[in-house]
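Descriptive analysis of the structure
Chain by chain, the residues run as shown.
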Amino acid sequence: MALLPILRYPDPRLHKKAAPISIVDASIRQLAADMAETMYAAPGIGLAATQVDRHIRLIIIDVTENKSKLQAFINPEIINKSGGCDGEEGCLSVPGIYETVNRAETITIKALDLDGNPFELTAEGLLAVCIQHEIDHLNGKVFVNYLSRLKQQRIKDKLLKQARETL
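A brief structural summary. (Residues numbered from 1 in each chain as written. Predicted model: local features only at pLDDT ≥ 70, side-chain atom pairs only at ≥ 80, totals over all residues. Heavy atoms only, no water.)

1. Notes on the packing of aromatic side chains
We describe a pair of aromatic rings using the distance from one ring centre to the other and the angle between the two ring planes. The condition is simple: In summary, the pairing rule links any two rings of Phe, Tyr or Trp, Trp by its six-membered ring, whose centres are within 6.5 Å, and it sorts them by plane angle into stacked for under 30 degrees, edge-to-face for over 60 and tilted for everything else. Helix numbers and strand numbers start at the N terminus; a helix is a DSSP run of H or I with at least 4 residues, a strand a run of E with at least 2. A positively charged side chain is recorded as over a ring if its NZ (Lys) or CZ (Arg) lies within 6 Å of the ring centre. The angle to the ring normal must also be within 35 degrees.
Per the counting criterion, the structure on display carries 1 aromatic pair. Considering the side-chain rings of Phe73 and Phe119, the 5.8 Å spacing of their centres and the 40 degrees angle between planes classify their relative orientation as tilted. Of the two residues, Phe73 sits in strand E3 (residues 71-82) while Phe119 sits in strand E7 (residues 118-124), which places them 46 residues apart along the sequence. Over the face of the ring belonging to Tyr146 we find Lys141, whose NZ or CZ atom lies 4.0 Å from the ring centre.

2. Focus: the sheet that holds E7
Quick note on the threshold: At least two bridges found by DSSP between two strands are what make those strands a pair. In this analysis an axis means a line fitted to C-alpha atoms, helices contributing only their contacting stretch, and an angle means the value between N-to-C directions, from 0 to 180 degrees.
Sheet architecture is open: 5 strands sit in the order E1-E2-E3-E6-E7, paired in antiparallel fashion. At either end of the open sheet lies a strand with only one pairing partner, and these are strand E1 (46-48) and E7. Across the sheet, the axes of successive neighbouring strands diverge by a mean angle of 40 degrees, strand direction being ignored. For strand E2 (residues 58-61) and E3, the ladder comprises 4 bridges, and the chain directions are antiparallel. Residue pairing for E3: Leu58 is matched across the bridge by Ile74.

Now the structure itself:
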């Protein structure tokens with residue numbers, strides 16, 4: 001397994017739409033394993049392939065405290081959503097920034113697992129929010145896109161300043 005570099009906002013590659021995965025093979029399973037290692041090391045609870053500059057429809061999530069329930073979703077698609085909730089979100093591609101975003105409270109998705117088998121899952125709470133957040137990445141959207149233009153500009157300026165200071 002390998003740690004992968006995570007793209008940082010405002011990198012334009014974060015806005016690229018991911019392509020569907022046609023064949024679930026060993027390379028997809030290896031990418032998922034590398035993404036999991038990267039996510040746990042960051043640390044985070046979700047990661048989309050887009051964030052590691054692979055523009056395919058793969059997300060991994062583990063919302064457990066003890067990192068015991070890693071879930072992979074290939075070609076995830078939300079087929080139903082209900083309710084609404086406001087919650088504070090952060091992102092490995094937008095380090096140190098947390099803002100309130102409105103999401104559906106309950107969702108049902110269909111996806112493939114790492115063996116290529118189709119499944120459906122109904123999720124609520126943190127898992128539902130995380131799935132929606134990661135699917136947004138696959139669609140070229142970062143959570144800051146839900147914020148006002150002023151907040152987006154402030155976040156962009158702050159992260160660009162941090163990047164200059166680390167050089």
